[in-house]
Amino acid sequence: MIDYLIPLILFVVCALALGKRQNAYAALLEGAENGLRTLASILPSLILLLTAVAMLRASGAVEILSQLLCPVFSFFGIPPETALLVLIRPISGSAALAAGAELMATYGVNSPIGRTAAVMLGSTETTFYTISVYFGAAGISKTRYTIPAALFADFVGFFMASLTIRLLY
Amino acid sequence: MVMSWIFTALVLVSLVFSWLTGQGEALSGAVMQGAQSGVELSIAMAGAICLWSGVGNLMAQVGLTDRLARCLQPVLHRLFPTTCRDPLLAGDLSANICANFLGLGNAATPMGISAAKRMAHGPAASDELCRLIVLNTASIQLIPANVAALRTSLGCATPFDILPAVWITSLCSAGLGVAAAWVLGKLWRHD
């Protein structure tokens, strides 16, 4: 089923647009062009942050961090290798992407660690960035319990990413 | 400004640890390789990101967001009872959540911000506004296209095989996040 999901989405949106007499191809082109712009805007930060992550890995700091946090991570069944990704995910989206890419490249995209990293990236958000954008725009200074609740959601995400990968693959 | 501190801290930590572990040689190599892999990764991800961005644009154009919003109405009424009394606000709110679900981040943020602005009364966040933010930070996405692009760029032949795991994880984290917000809202009466 899942194998057909993406091609089906591609077909269904095109068919829907044609049914409404809309120019599907032009909309796809326009979106693809915007995608290129998005990519150009994240490319510089990916270069900088992959440099930082590669330095951290080469210096042995990532391993030491993993070992330090190993007791806590193992208790929840989260692979300690993902420590850097987990810590940086709520703060910076590009840094998390860099850390995730580095994990997948080091351990293999289809390894349990590579898959866990992918699910973590795919099911969590840059929490602090999102909170600051929304509350900043709305002029809210008392965030009350938003940060603990949002961080709890992140934790559930990291925990469930590890659990589902262990159980499903 | 935050990123300056983070970047400097990461470089400093690498320097200190490479000195402690005696990995100086590897460190300078890593600087150039890391930068290079940033470009390689971006180029390798370009195709998938652009294609999916095109699909997202088409989804928005055919009004898929509105259709989905109608399906989600019952859930949203339960989560945001006071907000949904204002039809304009309810529209922004459901459009924000649905655009997030379809992965249209660029479309989701402006609508979410306009909803948040109208939900804000005074400097303290209301319970429903907190819930909206928690939902936005939890990321419920049908197709995490960026991650799929990243996996493809690293040579994965089946980048979408993680989808069931992503769906289960997203549902649990969003559901428990909102539940946590609900419980905390009961406890956090005065502020």
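Keep in mind that this is a model prediction, so the values were computed, not measured.

**Topic: the overall build of chain B**
- Assigned secondary structure in chain B consists of 8 helices and 0 strands.
- Along chain B, helices (α) and strands (β) appear in the sequence α-α-α-α-α-α-α-α when read from the amino end.
- Relative to the 2.2 N^0.38 estimate, which gives 16 Å for 191 residues, the radius of gyration of chain B is 21 Å and therefore markedly larger than a compact globule would have.
- Projecting the C-alpha coordinates of chain B onto the three principal axes gives extents of approximately 65 × 45 × 30 Å.
- The burial tally for chain B puts 46% of its 191 residues in the buried class.
- Counted over contacts in chain B with a minimum sequence separation of 6, partners at least 24 positions apart contribute 65%.

**Quick notes on the interface of chain B and chain A**
- Between chain B and chain A, the contact holds 82 residues from the first and 85 residues from the second.
- Taken together, the elements giving at least two residues each to the side of chain B that touches chain A come down to helix H1 (2-21), helix H2 (24-61), helix H5 (105-119), helix H6 (127-138), helix H7 (145-153) and helix H8 (163-187) of chain B.
- Examining the composition of the side of chain B that touches chain A, we find that 25 residues originate from one element, H2(B), more than from any other.
- The residue makeup of the side of chain B that touches chain A, split by class, is 52 nonpolar, 27 polar and 3 charged.

**Some details on the nonpolar core**
- With 105 residues, the main nonpolar core has Leu85(A), Ala98(A), Ala99(A), Ala149(A), Ala153(A), Met59(B) and Val134(B) as its most contacted residues.
- Ranked by residue count, the leading element in this core is H2(B), at 12 residues.

About the criteria used
- Sequence order as written defines the numbering, with residues in each chain counted from 1.
- The order in which chains are written sets their letters, starting at A; the order in which ligands are written sets their numbers, starting at 1.
- The predicted nature of this model means local features are confined to residues of pLDDT at least 70 and side-chain atom pairs, given and counted, to a pLDDT of 80 or more, with totals for whole chains, interfaces and linings taken over all residues.
- In DSSP terms, a helix is any run of H or I states spanning at least four residues, a strand is any run of E spanning at least two, and both are numbered starting from the N terminus.
- What the globule rule says is 2.2 Å times the number of residues to the power 0.38, and the radius of gyration is computed from C-alpha atoms.
- Buried residues are those with 20 or more other C-beta atoms within 10 Å of their own C-beta, exposed residues have 12 or fewer, and partly exposed residues lie in between; C-beta atoms are placed from the backbone.
- Residue pairs are scored as contacts if the distance between their C-beta atoms, which are placed from the backbone, is within 7 Å.
- Each residue is assigned to one class: nonpolar for Ala, Val, Leu, Ile, Met, Phe, Trp, Tyr, Cys and Pro, charged for Asp, Glu, Lys and Arg, and polar for all the others, Gly among them.
- By convention in this section, buried Ala, Val, Leu, Ile, Met, Phe, Trp, Tyr and Cys residues joined through C-beta atoms within 7 Å make up a nonpolar core.

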